[in-house]
Amino acid sequence: MQIYTQRLTHPPAGEVPSIALSFDTRQKCRFRATLATGEDIGVDLPRTGVLRSGHYIASDDGQVLQVLAAPQALMQATAAHAFDLLKAAYHLGNRHVPLMLTPDALYFEPDHVLADMLCGLGLQVADVLHPFEPESGAYAQHQHDTRLRPLHAHGH
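Right, let's walk through the structure included here. (Residues numbered from 1 in each chain as written. Predicted model: local features only at pLDDT ≥ 70, side-chain atom pairs only at ≥ 80, totals over all residues. Heavy atoms only, no water.)

Take the nonpolar core next. With 14 residues, the main nonpolar core has A77, L92, L99, L106, F108, L118 and L123 as its most contacted residues. The set of elements that each furnish at least two residues to this core consists of β7 (71-78), α2 (82-94), β9 (106-108) and α3 (112-120). Residues in contact with A77, not counting those within four places in the same chain, are L85, D104, A105, L106, F108, L118, L123, Q124 and V125. Of all hydrophobic cores here, the second largest spans 13 residues; its members include Y4, L45, I57 and L65. (Core = buried A, V, L, I, M, F, W, Y, C linked by side-chain atoms within 4.5 Å. Buried < 20%, exposed > 50% of the residue type's maximum accessible area, 1.4 Å probe, protein only. Helix = DSSP H or I, 4+ residues; strand = E, 2+ residues; numbered from the N terminus. Contact = heavy atoms within 4.5 Å.)

Pasting the structure below:
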């Protein structure tokens, strides 16, 4: 079994295989996973933060994988007016909910209590399958806007 132990700070040259992982898995520094080819791999990374979609990991012998955010069960909140979406983000943030922000929707892990609260605020909430890349927080080390895109070779 191939073991990936390094995070790469720059994308490698050429195409590399990828693996789609849930947000829950990408938060862990040690886990097992299966590639699309059926090959089992292990990941044993230093504790340096969440693997974001577009990041690369490598094994000691130079094998490289690109990590992608896998579609997973989420709740999508939308609103008729941008200000309503802003208010919803405020209320969810006060509850320290991992939250993915997009210009037209908020995404969070399934929680029907939160869904009911948002419906009470006038939002529409739907169950969806979608990649999940929540905000890292104001005090986290930012990777600039890497959500669902590969890292650029600018040292981050």
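Turning our attention to the environment of Q76. In this fold, Q76 is placed in strand β7. Distance in space between the C-alpha atoms of Q76 and A115 is 9.1 Å, their sequence separation being 39 residues. Leave out the neighbours within four places in its chain, and Q76 touches A105, L106, Y107, Q124, V125, A126 and V128.

Here we take up the sheet that holds β9. Read from one edge of the open sheet, four strands run β8-β9-β7-β10, paired in antiparallel fashion. The sheet terminates laterally at β8 (99-101) and β10 (124-131), the two strands that pair on one side only. Averaged over neighbouring strand pairs, the angle between their axes works out to 30° when direction is ignored. Direction of pairing for β7 relative to β10: antiparallel, over a ladder of eight bridges. (Pairing = 2+ DSSP bridges. Axes fitted to C-alpha atoms, helices over the stretch in contact; angles between N-to-C directions.)

Time to look at the pattern of salt bridges. This model, assessed by the stated rule, comprises six salt bridges. E133 is the salt-bridge partner of R26, the closest N and O atoms lying 3.2 Å from each other. Of this pair, R26 sits in helix α1 (residues 23-26) while E133 sits in the segment after β10; the two residues are 107 residues apart in sequence, bridging distant segments of the chain. For E133, a relative accessible area of 0% gives the class buried. (Salt bridge = Lys/Arg side-chain N within 4 Å of Asp/Glu carboxyl O.)

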